[in-house]
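# Structural overview
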Amino acid sequence: MVYVSSTHYEDAYRRIADTAATTAGASVLLFVSMDADALCALRILTSLFKRDSIAHKIVPVSNYAEITSMNQTLAQNQQIKSIVFLNCGAQTDVQDFVTLRDDLVVMVIDSHRPFNLYNVFWHEQVQCLDDGDVEKNMGELREAFEDIEFGDSSSGEDSDESEDEGSDQDNESRIGHKRGSSEMLGDLAKNDRQRRKRKTDLDPESFMRMQQQKAERRDARAAHQQMIQAYYAQGSYYGQSCAISTLMLAEQLGHPPSLDTVWWAVVGATSQHVLQHIDSDGYAEVVRRMRDLVRRVCPTASTTRLNIDGNARSSNTSESALGSSATVTSSSQALLDSQLGLPGQPDDPPQRENIDPFNPYLEMIPEDEDEGYLRARAGAASNGEAGLLTSSKNIEQSVAISESTELKFLLLRHWSLTNAMQYSPYVATRLGTWSSKGRSRLDLLVAKLGLSRAEAQAPFLHLDPELKLQLYRKMHAIGADYNMADSLYAGFVRDYGWRKSRVSASDMVLAILALLQKDAWAGEYESIHISASGFFAAYDSLSQFDILRAGLHGAQHLQRLVVGQGISMLERQAVKTLRTSEVDKLMVLGITPMDYPLVRPHMDAPFNRSTYAGESRNHFGIVFEQVASEVGAEAKQGFFDSSVMEIRRSDMSAFVDKLRRHL
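Description of the structure in this document. Residue numbering note: each chain is counted from 1, following its sequence as written. This being a predicted model, a pLDDT of at least 70 is required before a residue's local features are given, and a value of 80 or more before pairs of side-chain atoms are given or counted; all residues contribute to the totals for chains, interfaces and linings. Only hydrogens and water are set aside; all other atoms, that is, all heavy atoms of the structure, feed into the side-chain values.

### A closer look at unusual backbone geometry
Along the chain, Arg113 connects to Pro114 via a cis peptide bond; the corresponding omega equals 5°. Relative to the helices and strands, Pro114 resides in the loop between strand E6 (112-113) and helix H4 (117-121). Phi is positive for Asn87, close to 60°, though the residue is something other than glycine. Strands here are runs of E lasting at least two residues and helices are runs of H or I lasting at least four, both read from the DSSP assignment and numbered beginning at the N terminus. Along the chain, Asn87 turns up in the loop between strand E4 (82-86) and strand E5 (105-109). Positive phi is not limited to glycine here, since Asn483 has a value of about 60°. Locating Asn483 in the fold gives a position in the loop between helix H20 (465-478) and strand E12 (488-494).

Structure below.
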């Protein structure tokens, strides 16, 4: 078994720890994809390495060519004993871009699917952390793979039982050998000599039996080949978040979850929702699992629910661990209803009174229990002094994580409602805000939400709490009229203490993505000075609020640029539109320095490229590769996201024309 089941992650980690104990310097090389999920997983994993005194080197990568280049300089260093891939490496045979020395251990923590079967069924040195997909759903596929790779290629020439037993032993001896290695080639040559030596004259009956067995063997191999081809042809999708996998690893190693590690896991999992890597039901399952962990590390934190009638409700419970399964239905709507406080929910906790729904930690204390207030009444010089005593006594600085109901409006807590809606891809694609008609519909929607123009343009943080409640309530009621019935979703927020705004997990994802592109916007803000590169600035933002705040500003700036560029392209009719049952638009998003247009799919309606248990798959990568081959286009498809392809600009016209006919 070369994959690691979800209950034995610690075995893969201990192999790395054991090899690190024999080396004085940095023995672990970390290849980290430049995305939010990988960064969150990195923070959790490096905290384990630091606790166990394992020296390591971090290398950010964005494609497989960079990994191959690093392999030539770093991985071949004899001091490196382990290589860890974070959110990369699962879809391509590791041996194709990393030299597997006999003393090298490789661990792959990647949410991209499908797995390359050589990684999970061939290399003993490669350990892929399985989220349950391999163990539960790929038993027949493993048999097919082992039959094709290790089965007797003579298609049944040797029919006696002793010969079959010998063949099985040979197959077992070949598992784990590097493809093309001298050991494997020697095994094949030895088997061929033994086969020729065992051949003897056969009587007609034996000959006919042998021919029938050969035919059955050929049919079985053909069926297995078709099964493997169908597995790869199903398209790309996503599995369990890397951050959740590393948090499970930490728990199995006996390290209890902390406030920071749980928050990093929440942010990593939320990134899959923000980028539409998983569907709504898959995200609902993630929220239920993370809810249990949040309540474990923040047992006194309140769950803020917005009731459709305008009341805020708050609960305080502590439940099971990360791997536990909830008894609630898998419907994402049921989860949202529970967050909204709709009637009819099971086990509804009692309501607490005097709660500020947008800061539940400022709970009012009765006068007869307020010691500071009583002291002030007894001897305070003024009411102002009494107020100061009350505040300093009873209001504590909160740094907790809490559940929340979120709107799919971009960076709402850090922007005005108008900007959050105008620059939101969710709103833009439903109302067509790039046109005058779409902007008029947006103004009408804001008016129906009960906000004046001045209130909508004011910072949302300073909006009257009653208006905020009204916004959530009315958006839930009229969202369907504007094709935004799913505008509310369950999420998490974190408080960072005094004079710092609350940050939702989705806001933090956008800030991290902006910091990864820091060079594109940092010069626009003279007050922002970040010395680290984009990758390590994003890494630091997970623990430093000042850098996180800069990332939020960067996310706002980038979104303005993206929307402005999109409107410009639409006005210049630079968008190629393809109308099919699945694809609404294919957009050329930009030109790379190498004069290659970057092509990737864009949909008007959400197209869920994966779900943890669903059937949705993204076939764009397969289609792009096939069309580029048919037109002879010079293309590159070496990114971790298989639906991204670079095509030389001179080949773009022929590619798009062929793609239009193909789809």
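### Regarding the pairing of E12
Relative accessibility under 20% of the residue-type maximum defines a buried residue, over 50% an exposed one, and the middle range a partly exposed one, all with a 1.4 Å probe and only protein chains included. In terms of burial, E12 is largely enclosed, as seven of its seven residues are buried. Side chains Leu488, Ala490, Phe492 and Arg494 project from E12 onto one buried face, and the interleaved Tyr489, Gly491 and Val493 project onto a second face that is buried too. If DSSP finds at least two bridges between two strands, the strands pair. Both strand E11 (residues 401-407) and E12 contribute to a ladder of seven bridges, which runs antiparallel. Within the sheet, the bridge partner assigned to Glu406 lies in E12 and is Tyr489. Pairing between E12 and strand E13 (residues 503-504): two bridges, direction antiparallel. By the bridge assignment for E13, Arg494 is matched with Val503.

### Digging into the sheet that holds E5
If you trace the six strands from one edge of the open sheet to the other, you get E1-E7-E5-E4-E2-E3, paired in parallel fashion. At either end of the open sheet lies a strand with only one pairing partner, and these are strand E1 (3-4) and strand E3 (56-61). Here five bridges tie E4 to E5, and the two strands are oriented parallel to one another. By the bridge assignment, Ile83 is partnered in E5 with Val106. Against the sheet, helix H2 (residues 36-51) contacts strand E2 (28-33), E3 and E4, and its axis sits at roughly 160° relative to E2. Residues count as neighbours in contact if any of their non-hydrogen atoms are within 4.5 Å of one another. Lines fitted to the C-alpha atoms define the axes, with helices restricted to the stretch that makes contact. Angles between their N-to-C directions range from 0 to 180 degrees.

### What to know about the packing of aromatic side chains
Any pair of Phe, Tyr and Trp rings, taking the six-membered ring for Trp, is counted once the centres come within 6.5 Å. Such a pair is stacked with planes under 30 degrees apart, edge-to-face with planes over 60 apart, and tilted for the rest. Per the counting criterion, the structure on display carries 15 aromatic pairs. Consider the rings of Tyr283 and Tyr489, whose centres lie 6.2 Å apart with planes at 65°: the pair is edge-to-face. Taken together, the positions of Tyr283 in helix H12 (residues 280-297) and Tyr489 in strand E12 put the pair 206 residues apart, joining distant regions of the chain. Each member of the pair, Tyr283 as well as Tyr489, is classed as buried. A cation sits over an aromatic face here: Arg43 above Tyr539, 4.4 Å from the ring centre. Here, a charge over a ring means that NZ of Lys or CZ of Arg falls within 6 Å of the ring centre while also lying within 35 degrees of the ring normal. The aromatic ring of Phe460 is capped on one face by Lys468, whose charged end is 5.3 Å from the ring centroid.

### A closer look at the nonpolar core
What is meant by a nonpolar core is a set of buried Ala, Val, Leu, Ile, Met, Phe, Trp, Tyr and Cys residues, joined one to another through side-chain atoms within 4.5 Å. Leu30, Leu45, Leu86, Trp263, Met290, Met508 and Ile512 are the most contacted members of the largest nonpolar core, which totals 81 residues. Ranked by residues supplied to this core, first place goes to H2 with 10 residues. Those residues in contact with Trp263, other than ones at most four positions away along the chain, are Ile401, Phe492, Val493, Arg494, Tyr496, Val503, Ser504, Ala505 and Met508. Counting 37 residues, the second-largest nonpolar core is a separate cluster that includes Tyr64, Val108, Cys128 and Phe150.

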